[in-house]
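Remarks on the overall topology
Next come the chains, spelled out residue by residue.
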Amino acid sequence: MALPTRPAAAWLFAVLLLIGAGLTAFFGLSANGYLVPAAMLAIMAALLWLGRAGGLFKAVAIINLISGAVLVLTLAFGDVLGDRKLDVSGVALLVNLLTGGPLLGLLAPGLLLGLRTGKALNQWFNPAAIAA
Amino acid sequence: MKKVVTTLVGFTVLMQPLLAQAAAFSGKVTLADGQPAYGAMVTVFDAAGESRQTVYTAADGSYAIRTPYAGKLKVRARLAGSPDTLSEQQASATGSARLDLALGKFADQTAMNESLSASAFNARLPWPDVKRDRPAFVSQCNYCHQMGNSWTRIPRDHEQWIAEVDKMEGLLAMPSRAQSATIAQTLWKGFDGKPFAAQQNYGASAELSRGKVREWLVGDGYTFIHDADVAKDGLLYGTDEGHDILWTLDRATGKIERYPLPDIDLPRGGIFSGMKLPIGQFTGKHGPHSMAQTSDGRIWITNALSSTLMSFDPATKQFKTYQVGHDSLYPHTVRVDQDDIVWFTIVASNQMGRFDPRTEEMTVMRLPHNGFIRWTTDMLFPTLMRIGSWFPDQAVHLNLSTHRFFGERILAFPYGIDVNPVDGSIWYAKLYASKIGRIDPRTMEVREWDTPMLGPRRPRFDAKGIFWIPAFDEGGLMRFDPKSETFETFRIPVVGKDEYETPYALNVDKKTGQVWMAANNSDRIIRFDPATRTFFTYPSPTRVTVLRDFSFTEDGQVCSSSSNMPAAAIEDGRPNFVCIEPEGGAADRAALGS
């Protein structure tokens, strides 16, 4: 059985995720909290490169995007939350960092667009669906 | 070490009555070679050792001092380059005595080194590149305390210095990791405990011999009276950021009182409970920092740690607390404008607070972010501090702070603030962004200017609307004319080779136009005369003098509080209130016929 060819989008995003992981790890050398998103970016790059665990990959990207949006919106318009404002932004920040940090947030829209049904990344993660 | 030498050459009780004064002394101070000691400090300590007064000798070595003290008193002569001379005198309540004091010679270089200010020690630090590496040290170490005094220059090994620098980061110092490593390495090599040759010259002048200094000890070794302010009732008020206490001093009687701030539902350290705050250093929750008074007599206090504004009514002794903002971090310097509106900077979240005491309306506005990276930091820093508070005393959030790779300049840090007496506009200084800014109080329009020297800290206006700005990071003084929008800069003279100065704050005497400045690296107070462009130096009678704000009394004294952190490192082991009377020495000479 022939292995499916890795699409260009997988190449591109995997390399970008790896560069992001390296950059974040560099910051992590000074502030070691950034080693967590660096590790997650590296894992995401590996998953994308291998075409494995597409569901997890997509879920992490979505959570990252949502937590980043919640963070920005809370900081900008969160005064209505009163004393809870910084609790909400704090949780959003930690979740965002656990799921790859702001650099993944920059790539997540492109990744999620590529993961739609029928798109190259979706097919890359779901070779069985193509074969069927 | 102080060598006690009783050198009573002549003791003549003149029995002349002196109104409102008790022990009075006059005489001469001489050097070891018999020559007159010019600019020497003659200090009389009260019997309990809780207060003291100091005058400076003239070119012929003469001095005269009147004090309110009686009983068994200590009299000390001190001059840079000579060991102290101490004399004990039994003084009557109405007597005046002649007391000549002779300064000796140091036994060895080690003894001489003990008399030097911190500036002599940190001038010798072997920075790999002094222009590149020292600014972070000045900015992030010298703002809390001297580096090089007997407390901080204790030789440590490399690992111990790394631990010390990390501890300071837990107290809100913000060096990058690379800067921390360089600082630790340099302190390890530089503070080696070996004696060295040095000479310091504090620049004696005829002006100096006209001055007089009064000091009153207050609190304990961890009292941290950040600011002192003279209120309309004539009392000197002091905000104790370490213990949540408002202190008052009656200068006439020497009576000191304490008013604990009301409790608040916050942990120790307040909003900053996630930081590593050493026990005793910040035992409070509010962290009272700066003060200003409205026309109704209420004193307004910025509480840095609880992010609140607080009023204190001197008549009823009642406090009232007002929340500032949900994401406001470290309300800092406070001033009151011509309409009795309270304005204050909020340093760690790059904001400005405005409070109307009549309507009790609080407004917090964001100041310009000065770039995308600073914007990111301004927006996220309060959130990081909240995350830190979930893990008290661990400072875990520092592992996510961008200062770790960008250094302190990643923050804007709006710091000092003042009101232009000419047009009522509000002006502030951004310490780390090195900018000054103007807010139109009617339109709230903001405009900023880059300062030509780094580290503008706590500026003030003179009566003509000239903005005077101390440049902490570069040891300078800046003059800004808002009309022409032009700067003029001045270098503060130092007292020894390769030394630098750290002018933390200044204030301008509106009556005389004189600019009074802190010179916290070398135990002195500086006066700048704008008319002649001349600096005058007043050596502090107390070693380890760190002053953070100045306030003027009705009778022309300039007052402050000594607030090295910790106060235990100050020569007395405790902080003090201090007032300089520019003509006090001259008045004593005239009264004693000296």
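Here goes a summary of the coordinates provided. (Residues numbered from 1 in each chain as written. Chains lettered and ligands numbered in written order. Predicted model: local features only at pLDDT ≥ 70, side-chain atom pairs only at ≥ 80, totals over all residues. Heavy atoms only, no water.)

1. Observations regarding the overall build of chain A
- Counting its secondary structure elements, chain A contains seven helices and zero strands.
- Principal-axis analysis of the C-alpha atoms gives chain A an extent of 60 × 35 × 15 Å.
- Counting across all 132 residues of chain A, residues that qualify as buried make up 43%.
- Entry remark: accessible area of chain A is about 7,000 Å², with carbon and sulfur atoms responsible for 75%. (Helix = DSSP H or I, 4+ residues; strand = E, 2+ residues; numbered from the N terminus. Buried < 20%, exposed > 50% of the residue type's maximum accessible area, 1.4 Å probe, protein only. Areas by Shrake-Rupley, 256 points an atom, 1.4 Å probe, with all protein chains shown as cover.)

2. Side note on the packing of aromatic side chains
- Per the stated rule, a full pass over the model turns up 36 aromatic pairs over all chains.
- Judged by centre distance (5.9 Å) and plane angle (70°), the ring pair of Tyr34 of chain A and Phe405 of chain B falls under edge-to-face. Here the residue Tyr34 of chain A occupies a position in the loop between helix H1 (8-30) and helix H2 (35-50), and Phe405 of chain B occupies one in helix H7 (residues 403-406), the pair thus bridging two chains. Each member of the pair Tyr34 of chain A and Phe405 of chain B is classed as buried.
- Its guanidinium or amino end placed over the ring of Trp49 of chain A, Arg6 of chain A lies 3.8 Å from that ring's centre, counting from NZ or CZ.
- Directly above the ring of Trp161 of chain B sits Arg156 of chain B, whose terminal nitrogen or CZ lies 4.9 Å from the centroid. (Phe/Tyr/Trp six-rings, centres within 6.5 Å; stacked < 30°, edge-to-face > 60°. Lys NZ or Arg CZ within 6 Å of the ring centre and 35° of its normal.)

3. Considering the packing of H2 of chain A against helix H3 (residues 54-77) of chain A
Residue and element names in this part refer to chain A.
- Where H2 meets H3, the closest approach of the two axes is 10 Å, and the angle between their N-to-C directions is 140°. Here H2 is positioned oblique relative to H3, judged by the angle of their axes. H2 and H3 meet at a crossing whose hand is left-handed. Along its contact with H2, which presents Met40, Met44, Leu47 and Leu48, the element H3 presents Leu56, Phe57, Val60 and Ala61. (Axes fitted to C-alpha atoms, helices over the stretch in contact; angles between N-to-C directions. Parallel < 35°, antiparallel > 145°, perpendicular 65-115°, else oblique. Left-handed = near helix turned anticlockwise from the far one by under 90°. Contact = heavy atoms within 4.5 Å.)

4. Observations concerning the pattern of salt bridges
- This model, assessed by the stated rule, comprises 45 salt bridges over all chains.
- Across the pair Lys430 of chain B and Glu448 of chain B runs a salt bridge, and its minimum N-O distance is 2.8 Å. In this pair, Lys430 of chain B is assigned in strand E23 (residues 426-430) and Glu448 of chain B in strand E25 (residues 446-450), connecting sequence segments 18 residues apart.
- We classify Lys430 of chain B as buried; its relative accessible area is 0%.
- Salt bridges sharing partners connect three or more residues here, namely Asp79 and Lys85 of chain A together with Asp327 and Arg366 of chain B. (Salt bridge = Lys/Arg side-chain N within 4 Å of Asp/Glu carboxyl O.)

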